[in-house]
Structures are given as C-alpha cells and as structure tokens.
Amino acid sequence: MTLMMGEHLGEGPIAVLETTSTTAETLLAESPPAQTPAPPVFAPVPADRRPPGRRDGAPAAPIPVAVLAGDPITGQGVAAFLSSCPGILVLPVDRQHEAEVVVILVSRVTDDTLEWMRQAADRARREVRFVLVGDGVRGPQLLTAVTHGLVSVIPRQEADFERILRAIEAVREDRLELPEVALGWLVDQVRAIQREVLEPMGVTPAGLEAREADVLRLLAEGLGTPEIAARLNYSERTVKNIIHGVLTRWRLRNRAHAVAFALRNGAI
C-alpha cells in the first residue's frame, strides 16, 4: 500500500509533534502557516525488515526519537509511521529532551534551522544526534550542523519512510548518512579553513596518534565500529576506547564532530 503524505515542510519554525494529536505546538517562535504544495508519496517499509536495535537476535533498548517539523501534516505522518516500527520510541512533547535521535523536517535548511538544532542540543539530557530532512544545505551550514550533532542529511526527494528509518537506525551503528555532495562540501570547507585560516596564522594541525587518525578516517568513510575493528584488526572495545579518548581529550560532542575536527586540522 502506498502512503500519501503532506508537503514535507514550509518555511515556518520547527514544531514539536505528538502522534496522538491533530495539532502541533510551536517549539521556538510563531510565524505564518506554511503553504502546502502537492503531497509527495512515501513508500512503505518491507514487512520482513529486521527491527532496529537487534543484533544476532538479542533485543536492544528502543531508540527514543523526537520529530520536529514546520508542517504539522508531514510531521504527524512521520511520527505515526515511526511509532509503528519495532525498536523505535517516539517521544511526546513533554519528553522530547530525552531523545537520542531528533528528526528535523524542513522545506529548506536556513540559519534558523541551525539555531533550532543548537537549542535542541542544549536542552537535551543526553548526547543527541540529528537526522535532517530538507533542501538547500550549504557547506558552512553543514560544518556548523555537525558540531551540533548532525549525522544524516536527506534531500526531500529522497526522504521516504524507509530512508528516514534507515538513518535513525544508523545512529546505533555510529554511521554518518550524508549524501556524497554533502561530504564533498564538508571536506572542501575544512580544507579551506586549514588553508586560509590556520596556515596563515602558523597554527599546526592537532596532534593525533596514527591509530586515532586511522579510526577517524574509516569513520569518515561511513564504517561502523565492527567494520573498523575488522579492517584494522582491533577489538571493538579498542576502537571504542580510541574514539572515546579523542572525544574526551578534545572535548568533542560525538563521532561526527571528531571526524569534522580531524578533517579541519588536516589529520585525515
């Protein structure tokens, strides 16, 4: 069965959506209602899909997810779908600060989007990752978003239910789900910072051990912990310890931030 949804989002502020409500509460500010063009089509998820958070048959804790949207129809539809997925826990408005993953749905990515992301990260009780659905993201915005916890960018034309769910699941695998063009922008931006800002000031790249750089390089390629361990012939515990050491030493938010840090300093 094909599911019909409303327009992805308008230009208004992000709204926090409850799956049991027919209205949305404005998260940050008031603005005129968004226009609603013709609805896109969302493909259903295959019935035999393995529930997220299960490895080798062992159940894991569900992933707590918050859905933030500018268009109530689209946001409620995505929240309702995620609520039906095993291994996903969609949080109500009064508990969204407990989210492990925040799905942000916007028509176009603007500086206001980044501000909403920053505020959501500041309010969170845990380290939070962001899945961003929207068009128009630029290189400088991407670099800023990564420091706030961005792990996935999905263009609107590619944002069916399956893709959004896959991006949420990837958080538990510590994967970056970024389009190739977005990765290219990120690399170009950090290299420009190195060339135009750090080098003229005589600032040398941050010192990373060889094995730290190896791990971060594989993270940048989208590999998860088990794959990195196999590639480098390390235990998974060793990989996690290496990453934890980098995060702690440089006071970085998460793995995506560590990759951006290593790129910015020319370490990988």
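Residues numbered from 1 in each chain as written. Predicted model: local features only at pLDDT ≥ 70, side-chain atom pairs only at ≥ 80, totals over all residues. Heavy atoms only, no water.

Undergrad: When you look at empty space enclosed by the protein in this model, what are you seeing that I'm missing?
TA: Take a probe with the size of a water molecule and roll it over the atoms, and the empty space left behind shows itself. Counted under the stated rule, the structure contains one cavity of 30 Å³ or more. The class makeup of the residues in the lining of the largest cavity is five nonpolar, one polar and four charged. (1 Å grid on protein atoms, 1.4 Å probe; cavity = no way out; pocket = protein on both sides within 12 Å on 5 of 7 lines; lining within 4 Å. Points joined across faces, edges and corners; volume = space filled by probe spheres on them. Nonpolar A, V, L, I, M, F, W, Y, C, P; charged D, E, K, R; others polar.)

Undergrad: How should unusual backbone geometry be read in this particular structure?
TA: One can expect most non-glycine residues to show negative phi and most peptide bonds to be in trans. Unlike most non-glycine residues, Asn-233 shows phi in positive territory, near 60°. Structurally, Asn-233 is set in the loop between helix H7 (225-232) and helix H8 (236-250). The residue Arg-251 is not glycine, and still its phi comes out positive at about 55°. Counting through the fold element by element, Arg-251 comes out in the loop between H8 and helix H9 (255-264). (Helix = DSSP H or I, 4+ residues; strand = E, 2+ residues; numbered from the N terminus.)

Undergrad: It is not clear to me how the packing of aromatic side chains should be interpreted in this structure. Could you clarify?
TA: What characterises a pair of aromatic rings is the spacing of the ring centres plus the angle enclosed by the ring planes. Summed over the entire model, instances satisfying the criterion amount to two aromatic pairs. Geometrically, the ring pair formed by Phe-81 and Phe-161 is stacked, given 4.3 Å between the ring centres and 5° between the ring planes. With Phe-81 in helix H1 (residues 72-83) and Phe-161 in helix H4 (residues 161-172), this residue pair connects regions lying 80 residues apart in the sequence. Both residues of the pair, Phe-81 and Phe-161, count as buried. (Phe/Tyr/Trp six-rings, centres within 6.5 Å; stacked < 30°, edge-to-face > 60°. Buried < 20%, exposed > 50% of the residue type's maximum accessible area, 1.4 Å probe, protein only.)

Undergrad: Explain the layout of surface pockets to me, please; I cannot follow it from the model alone.
TA: Of the pockets and cavities examined, the largest pocket occupies roughly 300 Å³. Lining of the largest pocket is provided by 17 residues; of these, Arg-129, Asp-174, Thr-225, Lys-240 and Arg-255 occupy positions nearest its centre. Secondary-structure elements contributing two or more residues to the lining of the largest pocket are H4, H7 and H8. The dominant element in the lining of the largest pocket, judged by the number of residues it contributes, is H8, at five residues. When grouped by side-chain class, the residues that make up the lining of the largest pocket number four nonpolar, three polar and ten charged.

Undergrad: Can you walk me through the pattern of salt bridges in this structure?
TA: Between side chains of opposite charge, a pair can form when the charged atoms approach closely. Evaluation of the coordinates by the stated rule reveals ten salt bridges. For the salt bridge of Arg-118 with Glu-115, the shortest nitrogen-to-oxygen distance reads 2.6 Å. With Arg-118 and Glu-115 both in helix H2 (residues 111-123) and three residues apart, this pair spans about one turn of that helix. Judged by relative accessible area, which is 30%, Arg-118 ranks as partly exposed. (Salt bridge = Lys/Arg side-chain N within 4 Å of Asp/Glu carboxyl O.)

Undergrad: Teacher, can you tell me more about the packing of helix H6 (residues 210-220) against H8 here?
TA: Packed helices, taken two at a time, are described by the angle between their axes plus the distance between the axes. Packing of H6 against H8 brings their axes to within 10 Å, and their N-to-C directions diverge by 100°. If you check the angle between H6 and H8, you find them roughly perpendicular. Every residue of H8 that contacts H6 at Arg-211, Glu-212, Val-215, Leu-216 and Leu-219 is listed here: Thr-238, Val-239, Ile-242, Ile-243, Val-246 and Arg-249. Its residues placed into classes, the contact of H6 with H8 shows seven nonpolar, one polar and three charged. (Axes fitted to C-alpha atoms, helices over the stretch in contact; angles between N-to-C directions. Parallel < 35°, antiparallel > 145°, perpendicular 65-115°, else oblique. Contact = heavy atoms within 4.5 Å.)

Undergrad: Explain the side chain of Arg-129 to me, please; I cannot follow it from the model alone.
TA: Topologically, Arg-129 is positioned in strand S8 (residues 129-135). Look past the residues within four positions of Arg-129 in its chain and what remains in contact with it is Glu-100, Val-101, Val-102, Gly-149, Val-151, Val-171 and Asp-174.

Undergrad: Help me out: how do you make sense of the environment of Ala-167 in this one?
TA: Looking at where Ala-167 falls in the secondary structure, it is placed in helix H4. Taking the C-alpha atoms as reference points, Ala-167 and Val-101, separated by 66 residues in sequence, lie 9.8 Å from one another. Discounting chain neighbours no more than four positions away, the residues touching Ala-167 are Val-131, Ser-152, Ile-154 and Glu-177.

Undergrad: Honestly, the environment of Phe-261 in this entry has me stumped. Any pointers?
TA: Looking at the element boundaries, Phe-261 is found in helix H9. In sequence terms Phe-261 and Leu-143 are 118 residues apart; their C-alpha atoms lie 9.8 Å from each other.

Undergrad: Would you mind going over the packing of helix H3 (residues 139-148) against H9 with me for this structure?
TA: Running from amino to carboxyl end, H3 crosses H9 at an angle of 135°, the nearest separation of the two axes being 7 Å. The orientation of H3 relative to H9 falls into the category oblique. Here the hand of the crossing between H3 and H9 comes out left-handed. In this structure, H3 contributes Leu-143, Val-146 and Thr-147 to the contact, and H9 contributes Ala-256, His-257 and Ala-260. Considering only residue class, the contact of H3 with H9 consists of four nonpolar, two polar and no charged. (Left-handed = near helix turned anticlockwise from the far one by under 90°.)

Undergrad: Teacher, can you tell me more about the pairing of strand S9 (residues 150-154) here?
TA: As a general feature of sheets, a regular strand has side chains that alternate between the two faces. Extensive coverage of S9 is indicated by the burial of five of its five residues. With four bridges joining them, S8 and S9 adopt parallel strand pairing. Within S9, the position partnered with Leu-132 by the bridge is Val-153. Between S8 and its parallel partner S9, the chain crosses via H3, and the hand of that crossover is right-handed. (Pairing = 2+ DSSP bridges. Right-handed = clockwise from strand over helix to strand, strands pointing away.)

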